[in-house]
Amino acid sequence: MHFKKKSWFACFSLFLCFLGAARCEADSIEVYFGPNGGFNLKNKNRMITMSDGSQVPGTLSSSLVNMLEQAEPGGQMKICMYSMGDSHILSAMIQAAQEKNITVKLLLDACSPYNAERAKGIVKKIQDARELSKKDGKNFDFQIKFIETSTMTARGRAKQLEDGTTIYGTMHEKFGVFYRKDSPIPFDCFAGSANASTGADQLYAESRMYFYNRPAVARQFQEEFARLWNEFGTAIEGNCVSEKLILVDPVPGDVQVIFNSEPISEEADYSIDEALKKLIQQVSSQGSLDLAMFSFTHYELARTMMDCARKNPKAKFRIMMDQTMLANTDSRQGVMGPWLDEQIKRQKLKNVEVRYKWRSNAYGWDEEKKQIDILHSENLLLHHKLMIINRSIMANGSFNWSDSAEERNFENLMIFRRPYPDHGAVLDQYLDEFDTLWNTLKEEGLVKNPLPKQPQMIHFDRAVALSQKIIQLMTDEKNREILAFFKQEPFLTIEDMFLFIPLSEKELKERLDAMVEATILCYYKNEQQEEGYSKAD
């Protein structure tokens, strides 16, 4: 644990919590998962009571809207968000500013071209809301700053490749802090792997945590907000008032948050990967390491994990990654799947197993690369950034295990420990979700009925063989034309397809059978007892 500031700040947090005992008695940590509440039934089946008394499923979107609607009149909300595309969340923020006189500060990434374009639309909505509030005679204090590529370049968070291309770091944080009226410190906050997007809510496997009445945690995130807002943000909309930067320590016995924007000297910032290496080394001789990671290209962390597995042959290592980490092509030389498979086999590590979240229909034509590849828009991402040690220590946040995350991006890592109040319950929720994902192996053979948006885990060798078969089939333009019809009609009989596809019955059937064999399509009877085809997953 790093203690970089005076310890009286920690005591001050506890003192303030004591003064606000009526509010602090209800302190809690709540966790919600995507997609649509998660895959584990205990996580998925929860309901939330909204401010209007309605009961809604406990999803990433509804849980954040609920927190936004609970914000007290006259207070403040300060949000850092890498990608923001959920209109319900933005509307709740606008309503808080319009109806409750809440000061809203929103810091967005504009380093990613996609984010920069989307952020323009957000600014336009805020400008429209400001005009409407002005006409109605209402106060509307909504401030927006962007973090842009020029700032990343100036602060050494960009890298020029050999071909002359420059890659920039991003503001990859996804958190918010909330102040009550006249309070000098925040009491509530949220953070996690999830963006404020419909993809996070409905498609991707990920999570967000909500800290209620936890000033010791909220103040750590407020320190990060102030640093990013003041030092890196460019004012875009509203009267962007600077933040008061208060340096705080994590309170012993509560969540520690590490940020790689935080300086430790004139030349260096805190290192998240160094903290992760120390945690990996805490795997006990008969303990465990459970890892769920979206982007994994950090070989030093991988080697630390493999060394630990070799030294602790009775410990169990379960590694779960996104489908994109399987690839072995020239464009994906940095991914971890092939390297891990080679290390496990070469070192005969029987205590290490790797599985990948799979979707056969994630492959499609990449217009930029002019080849078949995994499409981000079709891949039901495993977007967690989660490690659990000995089922009792958890590291979670925005930080992918990649060189970019450590060296260029702005990221966070939260550390939970089971003996501490509330932490055990949080760990158990994540373990339930991890176990559910891990144990949902893709069945052998053909798909007999269309699979809903459920997890399918697959081992490396099978995934490589199946992906090669899929890529070969989809490289054929006629097969892609056949699959395109399923975007409009989820179920098609072979007679339906004859009307639109100029192929002989024999050739069409051969192509359909090949796609069924590759688990791209499935052949079955629908509710009307018609025989036909649908996408398999």
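Values in this document were obtained by computation on a predicted structure and should not be read as measured data.

Undergrad: Tell me about the environment of threonine 198, and please be specific about residues and values.
TA: Along the polypeptide, threonine 198 turns up in helix H8 (residues 198-202). Given a relative accessible area of 40%, threonine 198 falls into the partly exposed group. In this structure the C-alpha to C-alpha distance between threonine 198 and proline 57, which are 141 residues apart in sequence, comes to 15 Å. In this view, threonine 198 contacts Gly85, Asp86 and Leu203; residues no more than four positions away in its chain are not counted.

Undergrad: Requested: an account of the sheet that holds strand E20 (residues 393-397), with residues and values cited.
TA: Within the open sheet, the eight strands sit side by side as E13-E21-E20-E19-E14-E15-E16-E22. Their pairing is mixed. Since the sheet does not close on itself, it has two edges, and those belong to strand E13 (256-259) and strand E22 (457-458), each with one partner. Two elements, strand E15 (residues 316-321) and strand E16 (residues 352-357), share five bridges in a ladder whose sense is parallel. Each bridged residue has a counterpart across the sheet, and for arginine 318 the counterpart in E16 is glutamate 353. Here helix H11 (residues 299-311) sits on the sheet in contact with strand E14 (288-293), E15 and E16, set at roughly 150° to E15.

Undergrad: Talk me through the packing of aromatic side chains; I want residue IDs and the actual numbers.
TA: Per the counting criterion, the structure on display carries 18 aromatic pairs. A ring pair is formed by tyrosine 356 and phenylalanine 460, whose centres lie 6.3 Å apart and whose planes are at 50°; its orientation type is tilted. Placement of the pair is tyrosine 356 in strand E16 and phenylalanine 460 in helix H15 (residues 460-475), with a sequence separation of 104 residues. According to the relative accessible area criterion, tyrosine 356 is buried, its value standing at 1%. Here phenylalanine 491 and tyrosine 524 contribute two aromatic rings whose centre-to-centre distance is 5.4 Å and whose plane-to-plane angle is 75°, an arrangement assigned as edge-to-face. In this pair, phenylalanine 491 is assigned in the loop between helix H16 (477-484) and helix H17 (494-500) and tyrosine 524 in strand E23 (residues 521-525), connecting sequence segments 33 residues apart. Take phenylalanine 491: its relative accessible area is 16%, and that puts it in the buried class. Chaining the aromatic ring pairs together yields one cluster made of Tyr32, Phe178, Phe190 and Tyr210.

Undergrad: Any details on the packing of helix H4 (residues 60-70) against helix H5 (residues 87-99)? Residues and values, ideally.
TA: One can describe the packing of H4 onto H5 by two numbers: an axis separation of 9 Å at closest approach and a directional angle of 0°. Accordingly, the angle class assigned to the pair H4 and H5 is roughly parallel. Facing Ser61, Leu64, Val65 and Leu68 of H4, the residues of H5 in contact are His88, Ile89, Ala92 and Met93. Its residues placed into classes, the contact of H4 with H5 shows six nonpolar, two polar and no charged.

Undergrad: Could you give an account of the pattern of salt bridges, naming the residues involved and the relevant values?
TA: In total, this model carries 35 salt bridges according to the counting rule given. Across the pair arginine 214 and aspartate 422 runs a salt bridge whose closest N-O atoms are separated by 2.5 Å. One end of the pair, arginine 214, is in the loop between strand E11 (206-212) and helix H9 (215-231); the other, aspartate 422, is in the loop between strand E21 (412-417) and helix H14 (423-438), and 208 residues separate them in sequence. Arginine 214 gets classed as buried once you look at its relative accessible area, which sits at 6%. A salt bridge links arginine 227 to glutamate 224, with the shortest nitrogen-to-oxygen separation between them at 2.9 Å. Of this pair, arginine 227 and glutamate 224 both sit in helix H9, three residues apart, which is roughly one turn of the helix. Note on glutamate 224: relative accessible area 0%, which makes it buried. When salt bridges with common partners are traced through the structure, they connect Asp27, Arg214, Asp254 and Asp422 into a single cluster.

The rules behind these values
- Residues numbered from 1 in each chain as written.
- Predicted model: local features only at pLDDT ≥ 70, side-chain atom pairs only at ≥ 80, totals over all residues.
- Heavy atoms only, no water.
- Helix = DSSP H or I, 4+ residues; strand = E, 2+ residues; numbered from the N terminus.
- Buried < 20%, exposed > 50% of the residue type's maximum accessible area, 1.4 Å probe, protein only.
- Contact = heavy atoms within 4.5 Å.
- Pairing = 2+ DSSP bridges.
- Axes fitted to C-alpha atoms, helices over the stretch in contact; angles between N-to-C directions.
- Phe/Tyr/Trp six-rings, centres within 6.5 Å; stacked < 30°, edge-to-face > 60°.
- Parallel < 35°, antiparallel > 145°, perpendicular 65-115°, else oblique.
- Nonpolar A, V, L, I, M, F, W, Y, C, P; charged D, E, K, R; others polar.
- Salt bridge = Lys/Arg side-chain N within 4 Å of Asp/Glu carboxyl O.

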